[in-house]
Amino acid sequence: MTLTLHVNGRTHALAAPPDAPLLQVLRNDLGLNGPKYGCGLGECGACLVLVDGVAARSCVIPAGGVAQREITTLEGLGTREHPHPVQQAFIDAQAAQCGYCLNGMVVATVALLRRMPRPTDEQVRAALSHNLCRCGTHLEILQAVHHAAELTDPSRS
Ligand code: FES
């Protein structure tokens, strides 16, 4: 059975069942390891990707359900040489310890800043409240989101 997915600007024809979790297809079939397997239940946010620009939990989405949509993973945001401003902000703020939650935090922040370019502390906390971090880097993550808002502010350029 062939499954067609549009991921990071490319179209892929895959031999994967349409009911396979999107996370599994991204990691196992496309080798995109930015999205992480955490809970597998839609609870932790480690597996976030953008689906048509909206943050979505890829562990609970059947891949066939997003076949006509544009999927963006962490790898599609920026590169090591040219990181996305949100990635750069998280690096600048050193907002990681183990780093396992970072994919979800970055993807959720990209989605947040598209909806809300200058969020307050409360709005950042609400937007990231379902992204779990066990290390306790919440203050650095908050700083990183505000720094990302500065870096992506069109009035700066
Ligand atoms: Fe998908 Fe936890 S692995 S939300």
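Numbering of residues starts from 1 in each chain and follows the order in which that chain's sequence is written. Local features in this predicted model are restricted to residues whose pLDDT is 70 or higher, and side-chain atom pairs enter the listing and the counts only when it is 80 or higher, whereas totals over whole chains, interfaces and linings include all residues. Just so you know, side-chain values use all the structure's heavy atoms and leave hydrogens and water out.

Overview of the side chain of Asn131
You can see Asn131 is positioned in the loop between helix H5 (121-127) and helix H6 (138-151). In this structure the side chain of Asn131 is engaged in a polar contact, spanning 3.3 Å, whose partner is the backbone oxygen of Gly104. Going along the chain from the N terminus, every DSSP run of H or I of four or more residues is numbered as a helix, and every run of E of two or more is numbered as a strand. Distance and chemistry together define a polar contact, namely a pair of N or O atoms within 3.5 Å, with one atom able to donate a hydrogen and the other to accept it when in protein, and with adjacent residues in sequence counting only for side-chain atoms on both sides.

Focus: the packing of helix H3 (residues 85-92) against H6
Comment: axis = line fitted to C-alpha atoms, over the contacting stretch for helices; angle = value between 0 and 180 degrees taken between N-to-C directions. With their axes 8 Å apart at the nearest point, H3 and H6 run at an angle of 135° to one another. One element, H3, and the other, H6, form an angle in the oblique class. Here the hand of the crossing between H3 and H6 comes out right-handed. Each of Pro85, Val86, Gln88, Ala89, Phe90 and Asp92 in H3 lies in contact with H6, whose residues at this interface are Ile141, Ala144, Val145, His147, Ala148 and Leu151. Here the term charged refers only to Asp, Glu, Lys and Arg, the term nonpolar to Ala, Val, Leu, Ile, Met, Phe, Trp, Tyr, Cys and Pro, and the term polar to all other amino acids, Gly among them. Each residue belonging to the contact of H3 with H6 can be placed in one class, and the counts come to nine nonpolar, two polar and one charged. The scheme is simple: roughly parallel for angles under 35 degrees, roughly antiparallel for over 145, roughly perpendicular for 65 to 115, oblique for anything else. Handedness of each helix crossing follows the sense of rotation of the near helix against the far helix: counterclockwise by less than a right angle gives left-handed, clockwise gives right-handed. Whether two residues are in contact is decided by their heavy atoms: any pair within 4.5 Å suffices.

Observations regarding the nonpolar core
Core analysis: the biggest nonpolar cluster contains 26 residues, and Val86, Phe90, Met105, Leu128, Ile141 and Val145 have the highest contact counts within it. Listing elements by their share of this core, those giving two or more residues are strand S3 (48-51), H3, helix H4 (102-115) and H6. Considering each element in turn, this core owes the most residues, eight residues, to H4. For Phe90, the contacting residues outside a window of four places in its chain are Ala95, Leu102, Met105, Val106, Thr109, Ile141, Ala144 and Val145. Ala16, Leu22, Val25 and Leu32 belong to the second largest nonpolar core, which has 18 residues in total. The nonpolar core is taken to be a set of buried Ala, Val, Leu, Ile, Met, Phe, Trp, Tyr and Cys residues, with the residues joined through side-chain atoms within 4.5 Å. Only protein chains enter the accessibility calculation, which uses a 1.4 Å probe; a residue is then buried when its area is under 20% of its type maximum, exposed when over 50%, and partly exposed in between.

Here we look at H3
In an α-helix there are 3.6 residues to a turn, and that puts residues three or four apart on one side. Three or more residues of H3 are buried, namely Val86, Gln87, Ala89 and Phe90. Buried residues of H3 fall within an arc of 160° about the axis and therefore sit on the same side. Looking at the packing, one finds that the buried side of H3 touches helix H2 (74-77), H4 and H6. Just downstream of H3 lies Gln94, where phi reads positive at about 50°. As used here, the arc is the angular range of directions from the helix axis to the C-beta atoms.

What to know about the sheet that holds S3
Strand pairing is defined by DSSP finding a minimum of two bridges between the two strands. Pairing in this open sheet of five strands is mixed, and the strands run S2-S1-S5-S3-S4 from one edge to the other. If you trace the sheet from one side to the other, it starts and ends with strand S2 (10-14) and strand S4 (54-57), each paired once. On average, each strand axis in the sheet is tilted by 40° relative to the strand beside it, whichever way the strands run. The sheet contact formed by S3 and S4 spans four bridges and is antiparallel. Looking across to S4, one finds that Val51 is bridged to Val54.

Regarding the environment of Leu113
In this structure, Leu113 sits in helix H4. Under the relative-accessibility criterion, Leu113 is labelled buried at 9%. With 49 residues separating them in the primary sequence, Leu113 and Gly64 have C-alpha atoms 28 Å apart. Non-local contacts of Leu113, meaning those with residues more than four positions away in its chain, are made with Val86, Pro119, Val145, Ala148, Ala149 and Thr152.

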